[in-house]
Amino acid sequence: MSTTSSRDRVFAALELEMPDRIPIFECSLASNIIEALVPGGALEDVVDLYDLDVVCHREAYRYRLVDENKQYFSDEWGLVVRLEDNVMPTPVGHPIHSEADLDALVPPDPTDPIRLAKHRAAVARYRGTKPVVLGMTDSFSIPWKLRGMENFVVDLIENPEFAKRLIATVVDYNRRLVEQAAAVGVDIVRFTDDYGSTTGPFMSPAMWIEFIQPGLRELVDVAHGLGMKVVKHSCGNLRGLVEPILDSGVDALHPIQPFPGQSLSVFKERYGRRVCLIGNVDCIEVLTTGTRETVFADVRRCIDEGAAGGGYMLASSNAFHSGTRSELLAAMVEATRTYGQYRRGA
């Protein structure tokens, strides 16, 4: 298949085809990494410098300072967070303590111009050449952050109707945000809620199916109905969750972190004919303490394990987080250009 643009290339991979080369779907660059690569520049400058195949921004929130000494801020959900170099703020305060708090909760306005301002600019800059990706939550992360993880998991067992009402409130906001993204011209929605840790999922598959899957499936259906593709990101070991995640209808799974018992080759064998696979370049060791040679070796491993027959895009196994070495992005890109051809098979 002949392709001429990053947009064509990415969409072909999402359709499980084999475009002219393996796309680089790197969606998360910490601010210190951007600054090191393009001093004073922005994400788009890195995209242009390395000809990355997607432009990905998260939705934006307004913050107000609540503790100057600790540099704590409150977002529009009422979450108290610490802003850091990494892509995601760290929650340090959880505002929903009771049914009354949930009754009083007023979600952010998904139509606020700030929410997708970077996406509007990116669509204007790259229309028809590179796909613009919206990184946003689905049905898990905001609910647990509003309650705190321990309280939220207890809710699932002891107060399930309260948990479901909280989840539904968040999903309703996210549905309207997906609709706004389509109106802006976003091509791909990347749902970013993490469902597990290094040892396994945060809840049983049965509990995930009951509480989390319905909201994810609703959001996937809305995005597809508006002509957008869907990438599901989840860090952690997804043991027991991959099948129900795929049953929600997502087009791609990201980033397939390389843990014991979770290898890209196994994912390719089991799921490669159902969903596009993205990621797996080790950002825990290789992209933090590695060399150009070790990055080349890991990229080649990923391509050997994941690219046969199409339906694979290369990316880090989570993000170019603040602890990675910025110069290794260039090595990852060079290695992908060197080895990044699909081969028949699988």
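About the thresholds
- Residues numbered from 1 in each chain as written.
- Predicted model: local features only at pLDDT ≥ 70, side-chain atom pairs only at ≥ 80, totals over all residues.
- Heavy atoms only, no water.
- Helix = DSSP H or I, 4+ residues; strand = E, 2+ residues; numbered from the N terminus.
- Buried < 20%, exposed > 50% of the residue type's maximum accessible area, 1.4 Å probe, protein only.
- Polar contact = N/O pair within 3.5 Å; in protein donor to acceptor, adjacent residues only side chain to side chain.
- Contact = heavy atoms within 4.5 Å.
- Pairing = 2+ DSSP bridges.
- Axes fitted to C-alpha atoms, helices over the stretch in contact; angles between N-to-C directions.

1. Some thoughts on the side chain of Thr288
No. 1: Along the polypeptide, Thr288 turns up in helix 13 (residues 286-289).
No. 2: You can call Thr288 buried: its relative accessible area is 16%.
No. 3: Among the polar contacts made by the side chain of Thr288, one reaches the main-chain carbonyl oxygen of Ile284 at a distance of 2.7 Å.
No. 4: Setting aside chain neighbours within four positions, we find Thr288 in contact with Cys283, His321, Gly323, Thr324 and Arg325.

2. Some thoughts on the sheet that holds strand 4 (residues 80-82)
No. 1: Strand order in this open sheet of four strands is 2-3-4-5, and the pairing throughout is antiparallel. Because the sheet does not close on itself, it has two edges, and the strands there are strand 2 (64-67) and strand 5 (90-93). Here the strands of the sheet are splayed against their neighbours by 45° on average, with no regard to which way each runs.
No. 2: As defined by bridge partners, strand 2 adjoins strand 3 (residues 72-74) across three bridges and the pair is classed as antiparallel. Residue pairing across strands places Arg64 opposite Ser74, the latter belonging to strand 3.

3. So, the environment of Pro244
No. 1: With respect to the helices and strands, the residue Pro244 is situated in helix 11 (residues 242-247).
No. 2: For Pro244 and Pro205, which are 39 residues apart along the polypeptide, the C-alpha to C-alpha distance reads 7.9 Å.
No. 3: Apart from the residues lying within four places of it in its own chain, the contact partners of Pro244 are Trp208, Ile209 and Gln213.

4. Overview of unusual backbone geometry
No. 1: Residue Pro255 is bonded to the preceding His254 through a cis peptide linkage, with omega at 0°.
No. 2: Mapping Pro255 onto the fold places it in the loop between strand 9 (252-254) and helix 12 (264-271).
No. 3: In this model, Leu16 sits at a positive phi of 65°, which is unusual for a non-glycine residue.
No. 4: Looking at the element boundaries, Leu16 is found in the loop between helix 1 (6-14) and helix 2 (31-37).
No. 5: Overall, Leu16 belongs to the partly exposed group, its relative accessible area being 26%.

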